[in-house]
Amino acid sequence: MNLNKFQHPDINDNMWNEIDKIIDFNRGDKGAVITVLRKCQKIVGYLPVTLIDYISLSLNLPASEVFGVATFYSLFSLKPKGKHTIKVCTGTACYVKGTKEIINRIDAEYGIKAGETSKDRRFSLDCVRCLGACGLAPAMVIDDKTYGGLTPDKAIEKLQEYN
Ligand code: FES
């Protein structure tokens, strides 16, 4: 492949080499597209459009097909993800206890709305229906850790622990 055509600021030469190895290993297997996307996302952190184009060409598949797979499964992200993932609960129990204020405060502090990643890629913010921790409302999860009984100030305090 002519790699000059496929440059991307988030993909360095080592990453391209790893990506090529994955593609070579799976070449000719039309059912391998999910595996290839999953492994490539693990290397880069997400799936830039350039990378999807490269995979399509390399596997000799229509770009629409590879895009279709990448957008269908929630495990794939076409946007860069932050180093840490914040999941704020917008379920009823949490919402009535102030989720909206927490979300607004996170936006004011880090400039992120639901589904976005901060410019410095420190945090990605997701809003979810219920974290299964209703007794702790309002609750949020940072990476794998659950925090409850939050106020906007407490939420920011917790987030400041994550660099
Ligand atoms: S409603 Fe928020 S954890 Fe269940």
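Only a predicted model underlies this, so the values are computations on that prediction, with no experimental measurement involved.

Cut-offs applied
- Residues numbered from 1 in each chain as written.
- Predicted model: local features only at pLDDT ≥ 70, side-chain atom pairs only at ≥ 80, totals over all residues.
- Heavy atoms only, no water.
- Salt bridge = Lys/Arg side-chain N within 4 Å of Asp/Glu carboxyl O.
- Buried < 20%, exposed > 50% of the residue type's maximum accessible area, 1.4 Å probe, protein only.
- Axes fitted to C-alpha atoms, helices over the stretch in contact; angles between N-to-C directions.
- Helix = DSSP H or I, 4+ residues; strand = E, 2+ residues; numbered from the N terminus.
- Parallel < 35°, antiparallel > 145°, perpendicular 65-115°, else oblique.
- Left-handed = near helix turned anticlockwise from the far one by under 90°.
- Contact = heavy atoms within 4.5 Å.
- Nonpolar A, V, L, I, M, F, W, Y, C, P; charged D, E, K, R; others polar.
- Domains from an automatic or database assignment.
- Pairing = 2+ DSSP bridges.
- Expected span 1.5 Å × (residues − 1).
- Arc of directions from axis to C-beta.

Draft legend 1. Molecular detail of the pattern of salt bridges. Counted according to the given criterion, the structure contains six salt bridges. The partner of Asp24 in a salt bridge is Arg27, with the nearest N and O atoms 2.4 Å apart. You can call Asp24 partly exposed: its relative accessible area is 48%. The residue Lys113 makes a salt bridge to Asp107 at a minimum N-O spacing of 2.5 Å. The partly exposed category is assigned to Lys113, whose relative accessible area is 47%. The exposure class of Asp107 is partly exposed, given its relative accessible area of 21%. Through salt bridges that share partners, Arg105, Glu109 and Asp153 make up one connected network.

Draft legend 2. Region of interest: the packing of helix α6 (residues 99-110) against helix α7 (residues 152-159). Packing of α6 against α7 brings their axes to within 9 Å, and their N-to-C directions diverge by 45°. As the angle between them shows, α6 and α7 are arranged oblique. Handedness of the α6/α7 crossing: right-handed. Contact residues: α6 offers Glu101, Ile102, Arg105, Ile106, Glu109 and Tyr110, while α7 offers Pro152, Asp153, Ala155, Ile156 and Leu159. Here the residues of the contact of α6 with α7 sort into seven nonpolar, no polar and four charged.

Draft legend 3. A look at the domain arrangement of the protein chain. Domain boundaries assigned for the protein chain yield domain 1 (3-72) and domain 2 (84-159). A C-alpha centroid distance of 32 Å is found between domain 1 and domain 2.

Draft legend 4. Representation of the sheet that holds strand β2 (residues 123-128). Taken in spatial order, the four strands make up an open sheet running β2-β1-β3-β4, and their pairing is mixed. The open sheet has two free edges, formed respectively by β2 and β4 (145-147), since each of these has just one partner strand. For this sheet, the mean inter-axis angle between neighbouring strands, taken without regard to orientation, is 20°. Pairing of strand β1 (residues 84-89) with strand β3 (residues 140-142) involves three bridges; the strand directions are antiparallel. Residue pairing in the sheet places Lys87 in a bridge with Val141 of β3.

Draft legend 5. Geometry of helix α1 (residues 13-26). With 14 residues, α1 should cover 20 Å at 1.5 Å per step; its first-to-last C-alpha distance of 20 Å lies within 8% of that length. When α1 is considered as a whole, its buried residues turn out to be Met15, Trp16, Ile19, Ile22, Ile23 and Asn26. The arc that holds every buried residue of α1, seen down its axis, measures 120°, which confines them to one face. Residues of α1 that are exposed and point over 90 degrees away from its buried face: Asp13, Asn14, Lys21 and Phe25. Of the surrounding secondary structure, the elements contacted by the buried residues of α1 are α2 (33-44) and α3 (49-59).

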